[in-house]
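Results of the structural survey
Here are the chains, one letter per residue:
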Amino acid sequence: MAKKDRMSGNEAVAYAIKQINPDVMPAFPITPSTEIPQMVSTYIANGEIDTEFIPVESEHSSMSATIGAEAAGARSLTATSSCGLALMWEELLLAASNRMPVVLALVNRTLSGPININCDHSDAMGARDTGWIQIYAESNQEAYDNFIQAYPIAEDPRVHLPVMICQDGFITSHAVMNIELLEDKEVKDFVGTYRPEEYLLNPGNPMAVGPYSVSNYAMEARRNQELALEASKDVIIEVAKKYKELSGRGFELFEEYRTEDADYIMLIMGSAAGTAKQAVDDLRAQGKKVGVLKLRVFRPFPAEEIAKALKNCKAAAIMDRTESYNGHGGPLASEVQAGLYREKIMIETICYTYGLAGRDFTVDHVYEIFGELEDCAENGTKYEQHRYIGLR
Amino acid sequence: MSSYNLKEVMNKPERLAPGHRMCAGCGATIGVRAVLRALHEGDYAVIGNATGCLEVSSFMYPYTAWEDSYIHNAFENAGATLSGVEAAYKALKKRGRLPEDANFKFITFGGDGGTYDIGFQSLSGAMERGHDMVYVCYDNGAYMNTGIQRSSATPRFADTTTTPVGKVSVGKMQSRKDLTSIIADHDVAYVAQSTFTRDFKDIHLKSEKAIYTEGASFLNLLTPCPRGWRYEMADIMQVCQMAIDTCYWPMFEVDHGKWTLTYEPKKKLPIEEFLRLQGRFKHLFKPGNEDLIVQFQEEVDRRWEELLYKCER
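About the cut-offs
Residues numbered from 1 in each chain as written. Chains lettered and ligands numbered in written order. Predicted model: local features only at pLDDT ≥ 70, side-chain atom pairs only at ≥ 80, totals over all residues. Heavy atoms only, no water. Salt bridge = Lys/Arg side-chain N within 4 Å of Asp/Glu carboxyl O. Helix = DSSP H or I, 4+ residues; strand = E, 2+ residues; numbered from the N terminus. Disulfide = S-S within 2.5 Å. Buried < 20%, exposed > 50% of the residue type's maximum accessible area, 1.4 Å probe, protein only. Contact = heavy atoms within 4.5 Å. Axes fitted to C-alpha atoms, helices over the stretch in contact; angles between N-to-C directions. Nonpolar A, V, L, I, M, F, W, Y, C, P; charged D, E, K, R; others polar. Pairing = 2+ DSSP bridges. Buried area = accessible area lost by both parts, 1.4 Å probe. Domains from an automatic or database assignment. Polar contact = N/O pair within 3.5 Å; in protein donor to acceptor, adjacent residues only side chain to side chain.

A short note on the pattern of salt bridges
Residues and elements named next belong to chain A. Scanning the model with the defined rule gives 44 salt bridges over all chains in all. A salt bridge links Lys 185 to Asp 189; its shortest N-O distance comes to 2.6 Å. Of the two residues, Lys 185 and Asp 189 both sit in helix α8 (residues 184-191), four residues apart, roughly one turn of that helix. The network of salt bridges with common partners includes Glu 138, Glu 142, Glu 255, Lys 277 and Lys 294.

Examining the state of the cysteines
Residues and elements named next belong to chain B. Under the criterion given, the structure shown has zero disulfides over all chains. Free cysteine: Cys 26, not disulfide-bonded; nearest cysteine sulfur from Cys 23 at 6.2 Å. In this structure Cys 311 is a free cysteine whose sulfur lies 11 Å from that of Cys 247, the closest cysteine sulfur available. Residue Cys 311 is classed as buried on the basis of its relative accessible area of 7%.

Let's talk about the environment of Ile 345 of chain A
All names here are of chain A. In this structure, Ile 345 sits in the loop between α12 (331-342) and β15 (348-353). A relative accessible area of 12% means that Ile 345 is categorised as buried. Taking the C-alpha atoms as reference, Ile 345 lies 47 Å from Tyr 199; in sequence the two are 146 residues apart. Apart from the residues within four sequence positions on either side, Ile 345 is in contact with Ala 307, Lys 308, Lys 311 and Leu 340.

Some details on the packing of helix α4 (residues 78-94) of chain B against helix α6 (residues 120-129) of chain B
Residue and element names in this part refer to chain B. Contact pair α4 / α6: the axes reach a minimum separation of 6 Å and the direction vectors enclose 35 degrees. In this structure, α4 contributes Ala 78, Gly 79, Ala 80 and Ser 83 to the contact, and α6 contributes Ser 122, Ala 126 and Arg 129. For the contact of α4 with α6, a count of residues per class yields three nonpolar, three polar and one charged.

Quick notes on the sheet that holds strand β6 (residues 133-136) of chain A
Residue and element names in this part refer to chain A. In space, the five strands of this open sheet follow the order β4-β5-β7-β6-β13, with mixed pairing throughout. On the outer flanks of this sheet lie β4 (77-80) and β13 (297-299), each paired with one strand and no other. Pairwise comparison of adjacent strand axes, ignoring direction, gives a mean angle of 20 degrees for this sheet. Across two bridges, β6 lies against β13 in antiparallel orientation. By the bridge assignment for β13, Gln 134 is matched with Arg 299. Strand contacts of helix α3 (residues 59-72): β4 and β5 (103-108), with the helix running at about 160 degrees to β4, the strand carrying the most contacts.

A few points about the interface of chain B and chain A
Each partner contributes to the interface: chain B provides 43 residues, whereas chain A provides 44 residues. A buried area of about 3300 Å², summed over both sides, lies between chain B and chain A, and 61% of it is on carbon and sulfur atoms. Summed over the three residues of chain B that lose the most area to chain A, namely Tyr 61, Arg 95 and Arg 97 of chain B, the buried surface amounts to 18% of that side. Our count for the contact surface shared by chain B and chain A stands at five salt bridges.

Re the domain arrangement of chain A
Size of an interface, as often reported, equals the accessible area lost when the parts are brought together. Residues and elements named next belong to chain A. The assigned domain composition of chain A is domain 1 (3-247) and domain 2 (254-388). With 27 residues of domain 1 at the interface, the matching set in domain 2 holds 28 residues. Of the roughly 2100 Å² buried between domain 1 and domain 2 on both sides combined, carbon and sulfur atoms contribute 55%. Summed over the three residues of domain 1 that lose the most area to domain 2, namely Arg 128, Glu 138 and Lys 233, the buried surface amounts to 27% of that side. Applying the counting criterion to the domain 1 and domain 2 interface returns six salt bridges. Arg 299 is paired through a salt bridge with Asp 129; the nearest N and O atoms lie 3.1 Å apart. Seen at the junction of domain 1 and domain 2, the total is 16 residue pairs in polar contact (both at pLDDT 80 or more). If you list the elements that add at least two residues to the side of domain 1 that touches domain 2, you get α6 (122-126), β6, α7 (140-154) and α9 (215-247). Considered class by class, the residues forming the side of domain 1 that touches domain 2 number ten nonpolar, ten polar and seven charged.

Structure (structure tokens):
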């Protein structure tokens, strides 16, 4: 039986952690994810869960200890944001290459500098090639739902990779919204007990982790890791189906919102998708054929699926909440356009950078963008391929 | 703690198998084997290892020299990684996911680069949190794995590849960091400094105490490196003996805050006896450099006096 409540995104993730009662959680505070380890510590202090919490001295150590605990045979996780993720970057690579199914609750915040505590996706995007699965939430509800699906994806023998569950700093993490929660038992049954095949604390069956690997072996290890990431796509979909049976809430690699007959589509990720959907409703009421493609799973990147979903529109806006400093757009822009090219789908695209370091992104911006897409497709007006929206 | 019987101890099964790729005459593996001999039979261990010579030479895929479970993560995080392993042990124990009688011990090894320098924060954190583990530093006084660059454990005036002796340089200009004291000041359960003696008794007893004292323990072992120190491979025991007899590397322990000297040379030898055996100090014996040896001696004396004071001698 679902329970209705009101929660912030951080509360929702902490509550999911409480329901899962994982074995080990090392963490170091950083705004805006600090509340997650605080809340977990309070659950532990009140005897509601018995997770081993390690108050480490840095984020590099939080991911290092998470890896150590996971290798030892314990279901492990941590939480962080921004510079914390940047500091653990080396360890993100090791979590993935050592095939550790750990989970990271990431509350997206911009990277320094200038130092700023507000939302954009530069932290997660900086870690996009570390071998982690990355799943993004639009709302507190999705952050909760995604988090509960994380371990079944990560621990699946076809995958054995770490999963990053992302939500937008402050916008999602601190804003309180209605939420539907599962019963504790439902969550426990869904996530199950962690029974690794091999682990350090297996008496009489020692295991060695983290070898030096010469060129004769290292390339195969990387390829196997990549194949596992590819295989995770099916697992993500399977887990989502099972989760729908349990919760009634369905998830795909991405959500298509009023795109069926859309001439113009905005591809966007995270909380701003909600803004885009509102604007789409407004424009639809005026007879405009517009829609939103909300990307949920960024890694593995569903390039082919996105290309096919965009093939019937006249123009698409690709929205990056980060800057790649490559001179022609953000990571979504590069990867979506590469996917379109592979499928030989030559629709017009404009790549927008928006919402950096917490800059507001409003329905007016969305109207403006759809106006530009229409002008571009209908009148042949040339727009700069890489544009900033909401810039002063 | 058991009484010490050299023959018995040396006849225990090895927990670091031969066939690894460490250099002949290397102190690190002698130190590792000495520590592992202190594990009681029937006890399991998880060994941690910072990146360094020991790691890249003992666990080269698909071979491992380690008989126990082993984890290498990265260079600067051996302390944090083993913290996680130890916390996992507590979690699995209390949740009944390990056999009741499975007794695990946690020992991590790092060189002075991974311990004094890049891994210092991670070590400090693990010690302060009081994980039930032993951190063993195999201190060979430079970054040997990358080719003998100076570390904060390198003694003053040593010739290294980043403090080369030259026309206007006499080697490293700074003194060694006293890491053993720094960790003792973390107020952890047990801290000790040791090296190899002919009977291996000191290192054995300290290892056993470190492993079987509840809480965080730290062992700092002087483990000479023939490549970096430039001594004759067969002379390693003599080098270690001179390190303790000149009081360059005093052997002591700090057991729950109590400082005890575990070896006092009958006659404290001049520092030249230690320096003379090593090519990295060759330039100190050139005419005109006498004052450098005086300075070295003064530092050794000052540190020795401080230690005697702490040990209430």
